[in-house]
Amino acid sequence: KAELQAAGITLNTDITGTGLTSDTPRLSGPIKIKPFSPRDVMSKLGMKPMITADKDALGNASLNAQYMGTFKSASLSGLTLVLDQTTIMGNLSISDFSSKAISFALKADKLDADRYMAPKAEKTAESSSPADAAAKKAALNATKIPSDALNALNANGTLDIGTLKASGVNMSNVRLKLSGTPGSAKQQELSANLYGGSIKATTRVNGKSYAVNTQLQGLNAAPFLKDLTGKDPVSGVGNLNLDITTSGATVGDARRALNGSVNFALQNGAVKGFNLGQIIRGAQAAFAGNAAGAQDKTTQQTDFATFSASGKFVNGVLKSDTLDAKSPLLR
């Protein structure tokens, strides 16, 4: 048994070894890291403190696991990792230190990712001159895509999260699956339930080529947009299908090489901000020489039964000849 202390971290372990004089020595035993503050540890190590949206984030952590390893590999089974209000359980292993081959099967009860992001900057008045707009566009197009880092990943595993909040969006039954080895295509799959519907998204990276397929089904648009943007200009139950491919070393290259298709449909909803029926009735009254009735300020929205569109990306240009809107008033 041993107890190690450093930078505010206390580790207890009871590691035993077998075959220490052979070519394949093995070490195994329980390890435990007592509750500590990651913020305090970073400070003691002289690291720059992380500025997070929640100042209390990174305040508490602990770990329990069963260790097994050799000079070439290591694994943690029966892992229990606590970070603030999140508990992660499962298995994690590095099967080969030299190739950094990682495999994992982890489950988290809940995670509020927004707590760990940088605080949102206050919006300031921005210049809208053509020169500034052109400079921003040029800077964005010149941004390099980290394809080398993506292709170097050597990870296979799954992460399940009971409830997740990210960018204000609330999801449940989240599953992230990673697969791929160096020299082969990498694939990331995401599935989750959100706002009465579901999402399935697959991203594939192969060299400097990329493919994205996303399907949103049965999404309740109003609360989703409200949480994501702070506004809910449209309501209704929506579906979205996006299937695109591209390639390139920079964002500009990828934009110019974009090909694929997109389509969406909203049903039984409304566009908020104006009442098309009142506008038309007012125009009819004016043509008839009658005074228009007072507008109902409480119903400034236009209901629709269906609102849908589809289009294709061809070498970075989106073209759509299909836009269909049906409402009780017109089609």
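Residues numbered from 1 in each chain as written. Predicted model: local features only at pLDDT ≥ 70, side-chain atom pairs only at ≥ 80, totals over all residues. Heavy atoms only, no water.

### Quick notes on the overall build of the protein chain
Then comes step 1: Regarding its fold elements, the protein chain presents six helices and 17 strands.
Then comes step 2: Whereas a compact globule of 331 residues would reach a radius of gyration of roughly 20 Å, the protein chain reaches 27 Å, over 25% beyond that.
Then comes step 3: Viewed in the frame of its principal axes, the protein chain has a C-alpha envelope of about 100 × 40 × 40 Å.
Then comes step 4: A buried classification covers 27% of the 331 residues belonging to the protein chain.
Then comes step 5: Within the protein chain, residue pairs in contact and separated by at least 24 positions form 50% of the contacts whose partners lie at least 6 positions apart.
Then comes step 6: Treating the 36 positive side-chain charges of the protein chain as one cloud and the 25 negative ones as another, the clouds have centres 3 Å apart. (Helix = DSSP H or I, 4+ residues; strand = E, 2+ residues; numbered from the N terminus. Rg over C-alpha atoms; globule rule 2.2 N^0.38 Å. Buried < 20%, exposed > 50% of the residue type's maximum accessible area, 1.4 Å probe, protein only. Contact = heavy atoms within 4.5 Å. Lys, Arg positive; Asp, Glu negative; His and termini not counted. Charge placed at Lys NZ, Arg CZ, Asp CG, Glu CD.)

### Let's talk about helix α6 (residues 276-287)
Then comes step 1: Look at α6: 17 Å from first C-alpha to last across 12 residues, which is about the 16 Å you get at 1.5 Å a residue.
Then comes step 2: Among the residues making up α6, those that are buried are Gly277, Gln278 and Ala285. One side of α6 carries all its buried residues, which in axial view fall inside an arc of 95 degrees. Turned more than 90 degrees away from the buried face of α6, the exposed residues are Ala286 and Phe287.
Then comes step 3: Once α6 finishes, glycine 289 follows within two positions and takes phi at roughly 80 degrees, a positive value. (Expected span 1.5 Å × (residues − 1). Arc of directions from axis to C-beta.)

### As for unusual backbone geometry
Then comes step 1: Positioned with a positive phi, leucine 58 is a non-glycine residue whose angle comes to about 65 degrees.
Then comes step 2: Along the chain, the position of leucine 58 falls in the loop between α1 (38-44) and β5 (61-69).
Then comes step 3: Positive phi, normally seen in glycine, also occurs at aspartate 84, with a value near 55 degrees.
Then comes step 4: According to the relative accessible area criterion, aspartate 84 is buried, its value standing at 11%.

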